[in-house]
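Summary of the model geometry
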Amino acid sequence: MIFTRLKDLREDHDYTQQQLAEMLFINRRTYSSYETGMAGLPVEILIKLADIYGTTTDYILGRTDIK
């Protein structure tokens, strides 16, 4: 669930993986690994993503469907 939400949010906001990686001060491959589930999503990154998208961490984690 989390990986689908990450990709959906990114696409809904018309961001590329590269743009998000730059906003998060990480490598694009690292960000890509979060979306594909190849790497765990650190709490710090989760919080930053919620801030960028104006949503809650619970929404990103799939704990709620309310953005």
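Okay, so let's go over this structure. (Residues numbered from 1 in each chain as written. Predicted model: local features only at pLDDT ≥ 70, side-chain atom pairs only at ≥ 80, totals over all residues. Heavy atoms only, no water.)

Looking now at the overall build of the chain. Of regular secondary structure, the chain possesses 5 helices and 0 strands. Helices (α) and strands (β) of the chain occur, in sequence order from the N terminus, as α-α-α-α-α. Here the chain has a C-alpha radius of gyration of 11 Å; the compact-globule value for 67 residues is 11 Å, and the two agree. By its C-alpha atoms, the chain is 30 × 20 × 20 Å across when sized along the principal axes. In the chain, which comprises 67 residues, the proportion classed as buried is 33%. Taking the contacts inside the chain whose residues are at least 6 apart along the sequence as the reference set, 48% of them involve residues at least 24 apart. (Helix = DSSP H or I, 4+ residues; strand = E, 2+ residues; numbered from the N terminus. Rg over C-alpha atoms; globule rule 2.2 N^0.38 Å. Buried < 20%, exposed > 50% of the residue type's maximum accessible area, 1.4 Å probe, protein only. Contact = heavy atoms within 4.5 Å.)

Our focus in this paragraph is the packing of aromatic side chains. What the rule picks out here adds up to 2 aromatic pairs. Ring plane angle 80° and centroid distance 6.4 Å describe the contact between Y31 and Y34, whose orientation is recorded as edge-to-face. One end of the pair is Y31 and the other is Y34, both in helix α3 (residues 28–36) and 3 residues apart, which spans about a single turn. Since its relative accessible area comes to 7%, Y34 is described here as buried. (Phe/Tyr/Trp six-rings, centres within 6.5 Å; stacked < 30°, edge-to-face > 60°.)

So, about the nonpolar core. The nonpolar side chains of soluble globular proteins are, as a tendency, buried together. Core analysis: the largest hydrophobic core is formed by 14 residues, its most contacted members being L6, Y31, L49, Y53 and I60. Contributions of two or more residues to this core are made by α1 (2–12), α2 (17–24), α3, α4 (43–53) and α5 (57–61). Looking at this core, the element that brings in the most residues is α4, giving 5 residues. (Core = buried A, V, L, I, M, F, W, Y, C linked by side-chain atoms within 4.5 Å.)

This paragraph deals with unusual backbone geometry. For D14, which is not glycine, the phi torsion reads 55° and is therefore positive. Within the secondary structure, D14 sits in the loop between α1 and α2. On the basis of relative accessible area, D14 is assigned to the exposed category, the value being 67%. A positive phi angle, close to 60°, is found at F25, a residue other than glycine. Within the secondary structure, F25 sits in the loop between α2 and α3. With relative accessibility at 74%, the residue F25 sits in the exposed group.

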